[in-house]
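Chain and residue survey
Next come the chains, spelled out residue by residue.
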Amino acid sequence: MPHLGDSSYGDRFLTLAEYDARVGPRAKRRPSASEVLVLVMASHSLQDRVALLEHTWADVQMQRIYLVDDWLNTAPRERQWRPAVALQSPGSFGVESNYWDAQSRQLDFMRSHPSVESLASPVQPNWIMLADDDTFVHVDALLDFVGNYDPHVPALFGYVLSDAHVLGYDYPCGGAGMLLSAGAYDILAPRLLSECPLLAFNDLTLGFCSHSQGIPLVHHPGMHCAPDVNRAMRPGENLMDIQKGIAVHRLIGFQSFKELVGTLDMLKGQLRALLQHRCLLAARSGSDDDPLDSRRFFWSVPAFADAVDACRQHSPRAAHAVSLHLEFLLLGGVPVAGYHRDRHVPLLAAPASRRTRWPEWLEQLRHLDCSGKPLAWRATWGSAPQLSPLQVEASGPSLAANAQVEAIPVAKRPSWLAQVKDAARALPKSAPGHQWIFVDFSPSSTFLNVFESVRVLRSLSSLHHPGGSDKTNPYLQDVRGPVDLGAEAPPPLAVAYEYFDLNVEQAAGLWINGVAARRLLRCQPLRHPIHLDPEAHANDWPTAEERIALMWHNAIAVDVFRTLRFCGVIPLHSASMVPHALSYLPYSTYRRSHSPSVATAMSIGNVESREQMRGLSQLVTRRACAKPQPSRWKLPVQMRILGGANLSSWSLPGGRFLGQSLVAFRSEHFLPDAQAAGLANTPSNDPRVM
């Protein structure tokens, strides 16, 4: 049996891209749901959660076992397992008085079933998912994902909590789900609670045991440790974030959980509609026989790749050499000040004072040979992004009303679209499908992970031929003409963080390919009014200046979204283009950013300091250019807890911002880490630590 981790993995996580590069390609085979077994850590006192899970899996033949302290009324008895002896622990966690018992229950089950063959399941599982009773598992996405891998190769996939100072090793967040291949299960299960003792929590134990046995720990950003399905920090969930995501922890945090499954089914239904209309899309409305209106479709990057495969009836694509040409257009804007005010650190330059400085992420371009294939690039400065005067005029007094001011100043600088058109004119005249422009609306605070961006752009570009020249691409003459996703010609694409059907969050930047750039160049002048959503674009900031700044920020976000769709560009949502560092790096401190989140991000907006921006660039560069290191595992791990300064609430690992409000989760894993980093010496009764 292959054992990948013996000498090359050690105690460090891998990203999915790094893991894929090591295991190599294999034929895809989407397994049946019955080949997956989910072991759910549940309890009698919270059995209503199990009722919700059973509701979401009602029509799914996925095997599941609820590991309970006492029999539940909300699930069939044959799906429950109760240990012979409960391991009650003194103390109380409120309704979770058996919390420590629950932490060991999954491990106890695995120890008593030391191989997949011993599970006595109707179908022997190839994949075992360990989950909490408040973890939503998106079964379709899970099956699509595991179909890429050999279940006999040991691996543990999850949301990795990395660089833990106290613990000294990386470990998976149990609430996000821990996905074990059958090969990994057979290695870990017989060693649990013996060679691998209980380290207070099931996820710490499995992380420790995986490292000691050389099993690779792979970070999957689509397995959410917290309910971060709104990285735009706007009200409500953004289910585009989990269109192809596997799991989300703390389902009780959702405002409308029961609508979650229906919305995901609606997004899945887009593919059925597309296939019924011969895979033709156009930015216009028409009869049932016409192409579908592309403005009504919402795809994430991986969902779009699935659509292209389906349109070609899953026939193999011809391999294309992907040599990219990248343009970086730095528009010279600054972030909205309110997002930074609460986090400002004395003696550090604020983003507004760095607006003319080349952004620190450009340093990565000196190491592009680490990305594996040749590419050309060019960076140019523009002026601060603005709306077209035609659209300001069409919007009338509504914008001023949104900002609660008498009137708004209208700048004379070129609009963001005019500057993008200038960049489009300068593009080479061939291979438009392999040309990409990154529009950076706020260079002083938007971090770009060039290596991850190049990887994603190459994967999109490889879906189609480079596109010949401007004269041969069929999508350049009529910007509202039909696009055939099953054809070989590259379609007009954009990649951004899309807040469902409202706007594109420009703080994370915008990628557009050469076909899309030329469509924008040929698109007629736009005069559509900008309407802001009263809830999503609420504007209650204290001063008129701040309200106007936020109003322009929101208005441009809406304009980018509508311009792309009106001009026949297909925008693809990327959850890894993150508008706010504050919402995306919950396990970070000012001194230490969470490595897995940074390594798997395409971009991160609203990065506060120049020092942190440079630190992020160094982190991804070292990772992209590093060679595999031999295992450095040493036993025993030395654990330590250090004292420190008073608690800084926004720096506390495990803290989570929803909007501008801090939500601190239970701190068993995080508070000691903060203490070790010298950030906290907090009494256990601190109200901010739950």
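Because the structure is a prediction, the values reported are computed rather than measured.

**Topic: the side chain of Arg234**
Here Arg234 is to be found in the loop between β12 (223-224) and β13 (247-249). Residue class for Arg234 comes out buried when judged on its relative accessible area of 9%. Here Glu505 takes part through its side chain, which lies 2.5 Å from a polar atom of the side chain of Arg234. Here the side chain of Arg234 touches Ala536 through a polar contact of 2.8 Å, landing on its backbone oxygen. Those residues in contact with Arg234 that lie beyond four places of it in its chain are Tyr499, Asn503, Glu505, Ala536, His537, His553 and Asn554.

**What about the nonpolar core?**
Among the nonpolar cores identified, the biggest contains 63 residues, and Trp299, Trp361, Leu485 and Trp511 are the most heavily contacted of them. Listed in part, the 51 residues of the second largest apolar core include Trp416, Leu427, Ala517 and Met551.

**A short note on the packing of aromatic side chains**
What the rule picks out here adds up to 17 aromatic pairs. In this structure an aromatic cluster arises from ring pairing among Tyr19, Trp127, Phe145, Tyr149 and Phe157. Just above the ring of Phe566 sits the side chain of Arg480; from NZ or CZ to the centre is 5.0 Å. The aromatic ring of Phe298 is capped on one face by Arg565, whose charged end is 4.5 Å from the ring centroid.

**A few points about the environment of Trp511**
Tracing the chain through its elements places Trp511 in strand β25 (residues 510-513). When its relative accessible area of 1% is taken as the criterion, Trp511 is described as buried. Between the alpha carbons of Trp511 and Phe438 there is a distance of 4.5 Å; along the sequence they are 73 residues apart.

**Quick notes on empty space enclosed by the protein**
Taken as a whole and assessed by the stated rule, the structure comprises four cavities of 30 Å³ or more. As a volume, the second largest cavity reaches approximately 50 Å³. Forming the boundary of the second largest cavity are Gly433, His434, Trp436, Leu460, Ser461, His464, His465, Pro490, Pro491, Leu493 and Asn513. Grouping the amino acids of the lining of the second largest cavity by side-chain chemistry returns five nonpolar, six polar and no charged.

Cut-offs used in this document
- Residues numbered from 1 in each chain as written.
- Predicted model: local features only at pLDDT ≥ 70, side-chain atom pairs only at ≥ 80, totals over all residues.
- Heavy atoms only, no water.
- Helix = DSSP H or I, 4+ residues; strand = E, 2+ residues; numbered from the N terminus.
- Buried < 20%, exposed > 50% of the residue type's maximum accessible area, 1.4 Å probe, protein only.
- Polar contact = N/O pair within 3.5 Å; in protein donor to acceptor, adjacent residues only side chain to side chain.
- Contact = heavy atoms within 4.5 Å.
- Core = buried A, V, L, I, M, F, W, Y, C linked by side-chain atoms within 4.5 Å.
- Phe/Tyr/Trp six-rings, centres within 6.5 Å; stacked < 30°, edge-to-face > 60°.
- Lys NZ or Arg CZ within 6 Å of the ring centre and 35° of its normal.
- 1 Å grid on protein atoms, 1.4 Å probe; cavity = no way out; pocket = protein on both sides within 12 Å on 5 of 7 lines; lining within 4 Å.
- Points joined across faces, edges and corners; volume = space filled by probe spheres on them.
- Nonpolar A, V, L, I, M, F, W, Y, C, P; charged D, E, K, R; others polar.

Everything listed here is a matter of geometry and, on its own, says nothing about what the molecule does.
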